[in-house]
Amino acid sequence: MANDTKKRYGFVIDVSRCIDCRACMVACSVENTVPYNHTRIWVHDQGVQGDWPNLKRTFVPYNCMHCDNPPCTEVCVSGATYKNKDNGLVLVDQEACIGCGFCAEACPYDVRYIDEQRGVVDKCNGCFQRVETGMMPACVQTCVGGSRLFGDFNDPESTVSKALSSASSAIRLDAKRQDGNSTGPNIYYIHAPAEMLNLVTTDKFGQMEGKVPEASEYTLSEEVWKKLIIPVIGLATVATFGVQAVFFTKQLVEGEKEFEE
Amino acid sequence: MSATNTLSVAEQKSLRAKMYKKHNLANILTHWFNVLSWLMLLPTGVAIIASPRLGITPLWIQEWFRNMFGGTANLITFHYTVGFVWIFILMFNVFVGWRRYFIPFAANRMIMDKDDMQWMMIKPLQMLGLRKGEPLPPQDAYNAGQKVYSYFVVLGTAGIMVSGPVMVLKEYFPPIIKQIAQPVHFLSVFMIVAWLFIHVYMGAIFPEEKEAFFSMFTGKVSAWYAKNHHAKWYWQKMQEEMDWEDEVSQKVAAEASASHDGAAAD
């Protein structure tokens, strides 16, 4: 598990306790003044499964996974989105963000949205403004069923570490990155039914459709960058310096006579 | 070897003493303003590019500039503030001096002719050591290489000035436009910077072109330099001078004959 941050904030979500009341979604929108047409947090309904009378229905809440190896921060041209080295949260510096949306395209969980009014990208920030003052994130504090837990995975005494170690089962929704590594999401789902494992192997994840568990793909612009523009820039730079080096050496060797006409 | 070597000492001396005006004050000031802006904009701009996927800027440069300016947002704010000042003043100069400086500059200094095309075919190969013996066609006030570069600069400057504000005025443009603006911005800058090395080297370092460097302060070059490096321009200047001489001598002759006629009439 690659992580070099001091703290590693993340969520533990007890899937068996979620009743799809969506209070977390409301609390999040209120706390963070999320525009009406967007949300930073979702509850995925897996639908009724099984044959009658053995029916099951599972709700999977999710938001930004604050990955250990986030694909989104890598594509940000200016470094406006980054993984905080102190607390491990993936944050967006909206003063630096220009809202080009490369990161929103790179995210395998589709948890980023573009705030059209401000022209910037926004996402779950782990309610950093609350966590700093010792409070829990809005979604965790409001969760009626006690399904959502938040804390530092690097601290063995934290609620999340304890919940994780005492849980009978725990899974993560890993997405494979282009380089073959896992994104290393920091949301652990405990007491998840076997059906939820389908999320890892199929692409039935609501808004995430087609994204999980596929490897994050290069967008067209990235392909153009990597395979065309960067090599051309490299070649041109080398050629420019090469010509100058030849020119300069010739001048040194032959003196200045070539240029006296 | 060539014609200049056979000139007498007195002739060479007079050529060296005679100065021609190559740049006017507007061009000189705009040039140095541009230099100053680029010195601020290029390093900060390069330092902003952080994506390891693009792999352009080394990490230590990114961190150095972010520490110096106090974070990514401040670095970007500095970059685009200077950028807007650059756009405003440069455009102000261009549009205020449109008829007096810009159009004459484009018409007299930028248009390429047959000699320039030939120069472009020979010179790059000569720099690589081919076609050694061939003489280069005479050049204007700017040689063909400089003329081609001027097109790159004009195009690149336009590209930067369009794509830059698109990224700063983020509320007003959809994401796809801002995505396209980035490579446009980088390529425009690259189009200029790739040849900027040659421009600076030839202008400030290369010993033969020393006069060109000082002419960017004084605006003047010697006739000796003009004759050797910009023959076509030199002969044009000579033509102008001879025309002027003819004109004056005709006037003098006309006046002399008029007064002579008057004297005769008395």
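Residues numbered from 1 in each chain as written. Chains lettered and ligands numbered in written order. Predicted model: local features only at pLDDT ≥ 70, side-chain atom pairs only at ≥ 80, totals over all residues.

Participant: What is the right way to read the interface of chain A and chain B from this model?
Facilitator: By a frequent convention, interface size equals the accessible area lost on bringing the separate parts together. Listed as interface residues are 36 residues of chain A and, on the opposing side, 31 residues of chain B. Elements with a minimum of two residues in the side of chain A that touches chain B: α2 (71-75) and α8 (220-254) of chain A. Per-class residue counts for the side of chain A that touches chain B are 18 nonpolar, 10 polar and eight charged. (Contact = placed C-beta atoms within 7 Å. Helix = DSSP H or I, 4+ residues; strand = E, 2+ residues; numbered from the N terminus. Nonpolar A, V, L, I, M, F, W, Y, C, P; charged D, E, K, R; others polar.)

Participant: Please explain the packing of helix α7 (residues 144-168) of chain B against helix α8 (residues 175-205) of chain B as it appears in this structure.
Facilitator: Between two packed helices, both the angle of their axes relative to each other and the distance between the axes serve to describe the pair. All names here are of chain B. Packing of α7 against α8 brings their axes to within 8 Å, and their N-to-C directions diverge by 150°. Between α7 and α8, the angle is such that the two are roughly antiparallel. For the element pair α7 and α8, the recorded crossing hand is left-handed. Residues Y149, F152, V153, L155, G156, G159, I160, S163, G164, V166 and M167 of α7 pack against I177, K178, A181, V184, H185, S188, V189, M191, I192, W195 and H199 of α8. (Axes fitted to C-alpha atoms, helices over the stretch in contact; angles between N-to-C directions. Parallel < 35°, antiparallel > 145°, perpendicular 65-115°, else oblique. Left-handed = near helix turned anticlockwise from the far one by under 90°.)

Participant: Even after reading the chapter, I still don't get the domain arrangement of chain B, so can you show me in this structure?
Facilitator: Domain parsing of chain B yields domain 1 (21-110 + 141-225) and domain 2 (230-266). The C-alpha centroid of domain 2 of chain B is placed 46 Å from the C-alpha centroid of domain 1 of chain B. (Domains from an automatic or database assignment.)

Participant: Where do I start with the confidence of the model for chain A in this structure?
Facilitator: Caution applies to low-pLDDT regions: their predicted coordinates should not be interpreted in detail. Per-residue confidence for chain A gives a mean pLDDT of 82; residues scoring 70 or more make up 85%. In the model, residues 201-215 of chain A has pLDDT below 50 throughout and makes 31 contacts with residues more than four positions away in sequence or in other chains. (pLDDT = per-residue confidence, 0-100.)

Participant: Would you take a moment to explain the domain arrangement of chain A for this structure?
Facilitator: Partitioning chain A into domains gives domain 1 (9-208) and domain 2 (220-259). Spacing between the C-alpha centres of domain 1 of chain A and domain 2 of chain A amounts to 47 Å.

Participant: Explain the sheet that holds strand β10 (residues 187-190) of chain A to me, please; I cannot follow it from the model alone.
Facilitator: As a general point, the strands of a sheet are linked pairwise by backbone hydrogen bonds and lie either parallel or antiparallel. Residue and element names in this part refer to chain A. In spatial order, the strands read β8-β1-β10-β9; together these four strands make up an open sheet with mixed pairing. At either margin of the open sheet sits one strand with a lone partner, and together these are β8 (148-152) and β9 (170-171). Judged from the two bridges that link them, β9 and β10 form a sheet pairing that is antiparallel. By the bridge assignment for β10, A170 is matched with I190. Across the sheet, helix α6 (residues 159-166) is in contact with β1 (9-14), β8, β9 and β10; its angle to β8 comes to roughly 115°. (Pairing = 2+ DSSP bridges.)

Participant: Where do I start with the confidence of the model for chain B in this structure?
Facilitator: Residues and elements named next belong to chain B. When pLDDT is averaged along chain B, the result is 86, and 96% of the positions lie at 70 or above. The spread of mean pLDDT over the elements of chain B runs between helix α1 (residues 9-17), the lowest at 81, and helix α4 (residues 72-96), the highest at 94. Two numbers describe this predicted complex: its pTM, 0.81, and its ipTM, 0.76.

Participant: Help me out: how do you make sense of the pairing of strand β2 (residues 42-49) of chain A in this one?
Facilitator: Residues and elements named next belong to chain A. Where β2 and strand β3 (residues 56-62) come together, six bridges link them in antiparallel fashion. Looking at β3, one finds that H44 is bridged to V60. The loop that links β2 with its antiparallel partner β3 comprises six residues; one of these, G50, has a positive phi angle of about 95°.

Participant: I'm lost on the nonpolar core in this one. Help?
Facilitator: Considering soluble globular proteins, one finds that nonpolar side chains tend to be buried as a cluster. Counting 65 residues, the largest nonpolar core has C103 and Y189 of chain A as the members making the most contacts within it. Membership of the second largest hydrophobic core comes to nine residues, among which are Y142, A226, W233 and Y234 of chain B. (Core = buried A, V, L, I, M, F, W, Y, C linked by C-beta atoms within 7 Å. Buried ≥ 20, exposed ≤ 12 C-beta atoms within 10 Å, placed from the backbone.)

Participant: How do you make sense of the environment of F84 of chain B when you look at a structure like this?
Facilitator: Along the chain, F84 of chain B falls in helix α4. Along the primary structure F84 of chain B and W244 of chain B are separated by 160 residues, whereas in three dimensions their C-alpha atoms are 45 Å apart.

Participant: Can you walk me through the packing of helix α2 (residues 25-48) of chain B against α4 of chain B in this structure?
Facilitator: All names here are of chain B. Their axes nearest at 9 Å, the elements α2 and α4 cross at an angle of 160°. With respect to α4, the element α2 is oriented roughly antiparallel. α4 is crossed by α2, and the crossing has left-handed handedness. Two secondary-structure elements touch here, α2 through A26, T30, F33, N34, S37, M40, L41, T44, G45, A47 and I48 and α4 through L75, I76, F78, H79, V82, G83, W86, I89, L90 and N93. Grouping the amino acids of the contact of α2 with α4 by side-chain chemistry returns 13 nonpolar, eight polar and no charged.

Participant: I'm lost on unusual backbone geometry in this one. Help?
Facilitator: Excluding glycine, a negative phi dihedral is what most residues carry, and trans is how most peptide bonds are arranged. Residues and elements named next belong to chain A. Note that the residue after W52, namely P53, is joined by a cis bond; omega there is 10°. For P53, the location among the structural elements is in the loop between β2 and β3. Phi is positive for D20, which is not a glycine, with a value near 60°. Mapped onto the fold, D20 is located in the loop between β1 and α1 (23-32).

Participant: Quick question: what am I supposed to make of α4 of chain B here?
Facilitator: Residues spaced three or four apart along an α-helix face the same direction, because each turn holds 3.6 residues. All names here are of chain B. Its 25 residues place the ends of α4 36 Å apart at the C-alpha level, agreeing with the 36 Å of an ideal helix rising 1.5 Å per residue. Of the residues making up α4, those classed as buried are T72, L75, I76, H79, Y80, G83 and W86. Buried residues along α4 sit in contact with α2, α3 (59-69) and α7. (Expected span 1.5 Å × (residues − 1).)

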